[in-house]
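Each chain, written out:
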Amino acid sequence: MQNDPLDVRCSECGKAAQFFEPFRFTCVVRLPEVPENSHVWGRVVVEELFPEQFSWEQPDCDKPKFLQPGETGVGYRLNERGMVWCKACKTFEASTISWPEDAFWKLNVKGHELVARNREHAEQILGFLQETQRAPNRKPALRGIPTALLTRRLQQEVSNKLERALATA
Ligand SMILES: [Zn+2]
């Protein structure tokens, strides 16, 4: 249910900043007791992690539903409103982000866009690109790589660009 933190481009200094969801969602069966000051949304317990900036408002549906960027409908929209922390310029503030437009790990090769959620994900993608014998079934985290970028023709260029980005960020 929980997403790992996203790296976005800091609007102040342009370096990599971390985006945090303002709420923690836990399935009710996983908690021995419902923590104080939390909310219950169907089978999900919602904790406010930054109560001064974000208070919980239940979406207009009784059954918990989480929307990823680009998905429409009623539910809680992930990767949109939250806290952004930039280690480089010491900014920590409530922000609204656009994903994947604001992604820090983003590169374009011959019109094909590659987006990684964060540094670990970028490293994982690089490792995959550099494998000589790729497993035929991609792990879920690697399914978003445009197929064109995996061709012999482009793979080297993508891998070089990604390697350079990882070394200089
Ligand atoms: Zn910054």
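This one's a predicted model, so the numbers in the text were calculated from it and none came from an experiment.

**Looking at the overall build of the chain**
Right, on to step 1. On a plain count of helices and strands, the chain comes out with two helices and 11 strands.
Right, on to step 2. Helices (α) and strands (β) of the chain occur, in sequence order from the N terminus, as β-β-β-β-β-β-β-β-β-β-β-α-α.
Right, on to step 3. In terms of overall dimensions, the chain has a C-alpha envelope of 55 × 40 × 30 Å along the principal axes.
Right, on to step 4. Looking at the chain as a whole, 18% of its 169 residues qualify as buried.
Right, on to step 5. A fraction of 51% describes how many contacts in the chain between residues 6 or more apart in sequence connect residues 24 or more apart.

**Side note on the sheet that holds strand β9 (residues 91-96)**
Right, on to step 1. One open sheet holds the four strands; their spatial order is β1-β2-β8-β9, and the pairing between them is antiparallel. Every interior strand has two partners, whereas the edge strands, β1 (6-9) and β9, have only one. Between one strand axis and the next, the sheet turns by 35° as a mean value, whatever way the strands run.
Right, on to step 2. Inspection of the sheet shows strand β2 (residues 16-20) paired to strand β8 (residues 81-86) by three bridges, in the antiparallel sense. Looking at the pairing, F19 lines up with V84 of β8.

**Here's the deal with the packing of helix α1 (residues 119-130) against helix α2 (residues 152-168)**
Right, on to step 1. Axis separation between α1 and α2 bottoms out at 10 Å; the angle between their running directions is 145°. Where α1 crosses over α2, the two elements pack in a sense that is left-handed. Across from A122, E123, I125, L126, L129 and Q130 in α1, the residues of α2 making contact are Q155, V158, S159, L162, E163 and L166.
Right, on to step 2. Of the residues contributing to the contact of α1 with α2, the split by class is seven nonpolar, three polar and two charged.

Rules used in this analysis
- Residues numbered from 1 in each chain as written.
- Predicted model: local features only at pLDDT ≥ 70, side-chain atom pairs only at ≥ 80, totals over all residues.
- Helix = DSSP H or I, 4+ residues; strand = E, 2+ residues; numbered from the N terminus.
- Buried ≥ 20, exposed ≤ 12 C-beta atoms within 10 Å, placed from the backbone.
- Contact = placed C-beta atoms within 7 Å.
- Pairing = 2+ DSSP bridges.
- Axes fitted to C-alpha atoms, helices over the stretch in contact; angles between N-to-C directions.
- Left-handed = near helix turned anticlockwise from the far one by under 90°.
- Nonpolar A, V, L, I, M, F, W, Y, C, P; charged D, E, K, R; others polar.

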